[in-house]
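Remarks on the overall topology
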Amino acid sequence: MSSLSRDDVAHLAMLARIELTDAELDRMLGELSVILDAVALVQQAPTEGVEPMSHPLPLVNVTRPDEVRPGLTSAQALSGAPEADQQRFSVPRILSDD
Amino acid sequence: MTNDLTRWSAARMADSLARREISAVELTQAHLDRIAAVDGSVHSYLHVDETGVLAQARAVDDARARNEDLHVMAGVPIAVKDVVATEGLPTTCGSRILSGWIPPYDATLVTKLKAAGMPILGKTNMDEFAMGSSTEHSAYGPSRNPWDLERIPGGSGGGSSSVLASFQAPLAIGTDTGGSIRQPASVTGTVGTKPTYGGVSRYGLVALASSLDQAGPCARTVLDTALLHAVIGGYDPRDSTSIHAPVPEVVRAAQSADVSGMRIGVVKQLSGEGYQAGVQARFNEAVALLVDAGATVVEVDCPNFQYALAAYYLILPSEASSNLARFDAMRYGLRALPEGVDDPSAEQVMAATREVGFGAEVKRRIILGTYALSSGYYDAYYGQAQKVRRLIAQDFDRAFEVADVLVSPTAPTTAFKIGEKLDDPLAMYLNDVATIPANLAGIPGMSLPSGLATEDGLPTGFQILAPATKDERLYAVGSALERELVSRWGGHLLEKAPTLATVGAEVAR
């Protein structure tokens, strides 16, 4: 059994930058516990000495010639922005005043 | 042969266009009329580009009138899943957070469709960010299965499967991260291929899980699927995980339909218990037909497949939690302000936006992934899942030493009712039990119809898997099986689907 608490889920939601209502938090706690119990099955697999696999292709670095190629114009790049100002993305404050 | 153009195969459309028996505008208009008549009840499309698609069709007709060299598929219309960026057309991924977003560029596969002269009808519905097996997680409401409008068309690509099964497009683009092309094909009586990982460019796809995602072709016949595969496949310098090799000879393989001497491996772990009786029965019959066609059958053992679902539901959420961090309310998409906060910080705005912009399943998977990657749990969950992934790839390696292709039912059941599994995430996840191993290993897979389950009269799917980069084998086997089945049925399976009520026509139910 997973030992996830309500505070754990609230903390994870904060890390994931998702505001949750109290009702959502309750529901999420129940559902995540069930899912975690199920996926914990991976811990029973015979994985001793097995190399982790992060990707299906055995890739090494892929490079290309350092040549200019067309990209988006600033108007195109900003076309979906919630707010733009002086050809830049306009964002809420990052730091607090105090 | 029917005169209703929308019921033709894409191959016949292409042929007729080339002979100038029909025009691209005529063909496109027939599909727009069909969309107007039935999409109110099926809900395959999130956006129909009536003006744009007719303009593209007219351009093909004009080029043909000038005797220009045209691609074999020029003028054959197509529907594109809403996870694929299309310049000037809304791309929402079935999510509120991207409501109204118009990409400033095309995905590479869209560039290829346009270069081939294939008019784009519109964007198809999907589970939000491709998370789901039913389209019920779309923020814009579910698509319906044309075989029974009370049932799901599969997911996440249920828009692309239902669009084909209701004859609203002859071809569609899907993406498959854990089965999102193959399972929808299975439950709607259509065909779909997940190519080898890296076989079709991922540039311009909104990423769910980057090491698993693969775009691919969806159609009503194996040959049509191959024709589309050949258009969209191939190396793309803009996708660093793209395979630097020519597209496998999929069209030639589909035309050959030759399985003589081929070794077909039946995966022991992907049948029997947990599989609906009618699904299993049609699967067994299909294997027997392949033997009649000259193949031999061996049973293969893939003991680590029992851990595949668990590994997948750790790897996918982990990658998704990272990929979806881009939805931060700063550069595109929704921005929502937290209530009752003066001068909120960027962090507070991001959290408030994701609260209203994401649906329940997306939140669930992001938080699950955040947990699996968090310090103290990483080794036990994500790290362990990556080792299981290796074991599954090794099971495939061993299996392909004794078999040229592997086969299984595509999904354990036929289409379930809308609402039936919505409140039980684990039950929903089980739909992908047979399709997930291919994504973990990066190998290609196809689903094609194997018949109707006796108990409910709904379509069942047959899955074929091949070694990486041997996609052509899927088409040789699929085409051979399709030929045998269609001759037994006396026509394609979709001819048995109920007639949909059309707007403007009086229909007695």
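The rules behind these values
- Residues numbered from 1 in each chain as written.
- Chains lettered and ligands numbered in written order.
- Predicted model: local features only at pLDDT ≥ 70, side-chain atom pairs only at ≥ 80, totals over all residues.
- Heavy atoms only, no water.
- Contact = heavy atoms within 4.5 Å.
- Buried area = accessible area lost by both parts, 1.4 Å probe.
- Salt bridge = Lys/Arg side-chain N within 4 Å of Asp/Glu carboxyl O.
- Polar contact = N/O pair within 3.5 Å; in protein donor to acceptor, adjacent residues only side chain to side chain.
- Helix = DSSP H or I, 4+ residues; strand = E, 2+ residues; numbered from the N terminus.
- Nonpolar A, V, L, I, M, F, W, Y, C, P; charged D, E, K, R; others polar.
- UniProt positions renumbered as here; feature names shortened; annotations may be inferred.
- Core = buried A, V, L, I, M, F, W, Y, C linked by side-chain atoms within 4.5 Å.
- Buried < 20%, exposed > 50% of the residue type's maximum accessible area, 1.4 Å probe, protein only.

**A closer look at the interface of chain A and chain B**
Every contact between the two is made by 52 residues of chain A and, on the other side, 62 residues of chain B. Roughly 5100 Å² of surface becomes buried between chain A and chain B when both sides are summed, with 67% attributable to carbon and sulfur atoms. Ranking the residues of chain A by area buried against chain B places Arg-17, Val-42 and Met-53 of chain A at the top, with a combined share of 14%. Here chain A and chain B share 6 salt bridges between them. Here Glu-347 of chain B ties to Arg-17 of chain A by a salt bridge, and the two come within 3.7 Å at their closest N and O atoms. Summed over the shared surface of chain A and chain B, the result is 18 residue pairs in polar contact (both at pLDDT 80 or more). Counting only elements with at least two residues in the side of chain A that touches chain B, the list comes to helix H1 (6-15) and helix H2 (22-39) of chain A. In terms of residues, the side of chain A that touches chain B owes the most to one element, H2 of chain A, which gives 10 residues. Along the lines of polarity and charge, the residues of the side of chain A that touches chain B split into 34 nonpolar, 10 polar and 8 charged.

**What to know about the UniProt feature "active site" (unreviewed entry) in chain B**
Residue and element names in this part refer to chain B. Under the UniProt annotation, the feature "active site" (unreviewed entry) is placed at Lys-81, Ser-156 and Ser-180. With the annotated positions falling across 100 residues, the maximum pairwise C-alpha distance of 10.9 Å places them together in a single cluster. Position of Lys-81 relative to the elements: it lies in strand S2 (residues 78-81). The residues contacting Lys-81, other than those within four sequence positions of it, are Lys-123, Thr-124, Met-126, Ala-130, Ser-156, Gly-157, Ser-160, Ile-173, Gly-174, Thr-175 and Ser-180. A polar contact is formed between the side chain of Lys-81 and the side chain of Ser-156, at a distance of 2.8 Å.

**Brief notes about the nonpolar core**
Residues and elements named next belong to chain B. Counting residues in hydrophobic clusters, the biggest one holds 149 residues, and the most contacted among them are Leu-109, Leu-113, Phe-129 and Phe-462. Residues in contact with Phe-129, not counting those within four places in the same chain, are Cys-93, Ser-95, Ile-97, Leu-98, Val-206, Leu-208, Leu-324, Phe-327, Phe-358 and Val-362. Membership of the second largest hydrophobic core comes to 13 residues, among which are Tyr-45, Val-53, Leu-54 and Ile-181.

**Quick word on the pattern of salt bridges**
All names here are of chain B. Under the defined criterion, the tally for this structure stands at 26 salt bridges over all chains. Between Arg-19 and Asp-15 there is a salt bridge, with its nearest N and O atoms 3.1 Å apart. Here Arg-19 falls in the exposed class, since its relative accessible area comes to 54%. Overall, Asp-15 belongs to the partly exposed group, its relative accessible area being 38%. Measuring nitrogen to oxygen at the nearest pair gives 3.2 Å for the salt bridge that ties Asp-82 to Lys-123. One end of the pair, Asp-82, is in the loop between S2 and helix H4 (108-115); the other, Lys-123, is in strand S3 (residues 120-124), with 41 residues separating them in the sequence. For Asp-82, a relative accessible area of 1% corresponds to the buried category. Given a relative accessible area of 0%, Lys-123 falls into the buried group.

**Considerations on the UniProt feature "domain: Amidase" (unreviewed entry) in chain B**
UniProt tags residues 26-474 of chain B as "domain: Amidase" (unreviewed entry). The span residues 26-474 of chain B is 38% helical and 13% strand by assignment, and the distance between its end C-alpha atoms comes to 33 Å.

**Quick look at the side chain of Ser-44 of chain B**
Residue and element names in this part refer to chain B. Residue position: Ser-44 is located in the loop between helix H2 (24-42) and strand S1 (45-48). Classification of Ser-44 by relative accessible area gives buried; the value is 0%. Within the local environment of Ser-44, its side chain forms a polar contact with the side chain of Ser-162, the two groups lying 2.8 Å apart. A polar side-chain atom of Ser-44 sits 3.3 Å from a polar atom in the side chain of Gln-168. Setting aside residues up to four positions removed in sequence, Ser-44 forms contacts with Asp-39, Lys-123, Thr-124, Asn-125, Ser-143, Gly-159, Ser-162, Val-163, Ser-166 and Gln-168.

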